Amino acid sequence: MKHFNNLILASNSPRRKQLLKEVGLQFEVKTIPFDEVFPEGMASDKVAEYLAVEKNKAHREAFGDQGTIITADTVVIFTDKILGKPESKAEARKILKILSGKIHQVMSGVCISTGEKQVSFSNLTEVKFRELTDEEIDYYIEIEPPLDKAGSYGIQEWIGKIGVEWIKGSYFNVVGLPVDAVYKVLKEEF
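Residues numbered from 1 in each chain as written. Predicted model: local features only at pLDDT ≥ 70, side-chain atom pairs only at ≥ 80, totals over all residues. Heavy atoms only, no water.

One non-glycine residue, T79, lies in positive phi territory at about 50°. As for its position among the elements, T79 is in the loop between strand 3 (68-78) and strand 4 (81-83). The backbone of D80 shows a phi angle near 65°, a positive value even though the residue is not glycine. Here D80 shows up in the loop between strand 3 and strand 4. For D80, a relative accessible area of 65% gives the class exposed. (Helix = DSSP H or I, 4+ residues; strand = E, 2+ residues; numbered from the N terminus. Buried < 20%, exposed > 50% of the residue type's maximum accessible area, 1.4 Å probe, protein only.)

It is at 10 Å that the axes of helix 3 (residues 89-99) and helix 4 (residues 134-143) come closest, and there the two elements cross at 140°. It follows that helix 3 is oblique to helix 4 by the angle criterion. Regarding helix 3 and helix 4, the two cross each other, and that crossing is right-handed. Contacts from K89, A92, R93, L96 and K97 in helix 3 reach D134, I137, D138, Y140, I141 and E142 in helix 4. Tallied by class, the residues present in the contact of helix 3 with helix 4 amount to 5 nonpolar, no polar and 6 charged. (Axes fitted to C-alpha atoms, helices over the stretch in contact; angles between N-to-C directions. Parallel < 35°, antiparallel > 145°, perpendicular 65-115°, else oblique. Left-handed = near helix turned anticlockwise from the far one by under 90°. Contact = heavy atoms within 4.5 Å. Nonpolar A, V, L, I, M, F, W, Y, C, P; charged D, E, K, R; others polar.)

Locating S100 in the fold gives a position in the loop between helix 3 and strand 5 (103-113). With relative accessibility at 5%, the residue S100 sits in the buried group. Within polar-contact distance, the side chain of S100 engages the backbone nitrogen of L132 at 2.7 Å. Those residues within four positions of S100 in sequence are excluded, and the remaining contacts are F129, R130, E131 and L132. (Polar contact = N/O pair within 3.5 Å; in protein donor to acceptor, adjacent residues only side chain to side chain.)

Here it is in structure tokens:
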């Protein structure tokens, strides 16, 4: 396997850390505060990559030319609207009720850069939830509060195991990072 020198994951996401470790990449985690805002009116399918690129620029500015920086952002899209991370259990419940029985999209944007080069891309996965009961939604929110997850759920958690009817695209994208695509870009471009 190819070894990449000075790989930096600029993310606090435990899922992204786990996925990169599981494919054998050696990296360090370095982050700076970043306000995830995007231009009003931006198409929902462009937001994740835009935020990944902006995060990368901010981290590159902070860290200089050192290392290969990986940044990412994941959004859940339903009827062209972004469903963000819920601010409360009540909001999580509302979002899961919206997604119940319907198809939505999970879009991750990734940006990888060195001091000389930058590559960014998006990855789309469609997800279909079966009809979820109020009892199932409430149970999930109590046992695994999804307050740190776009769309109010983790596909790898209980609600994903019992509620996802099908997906079209990368499972790992829905977890939080299309690690197969990240590895391919690192191998071919860096």
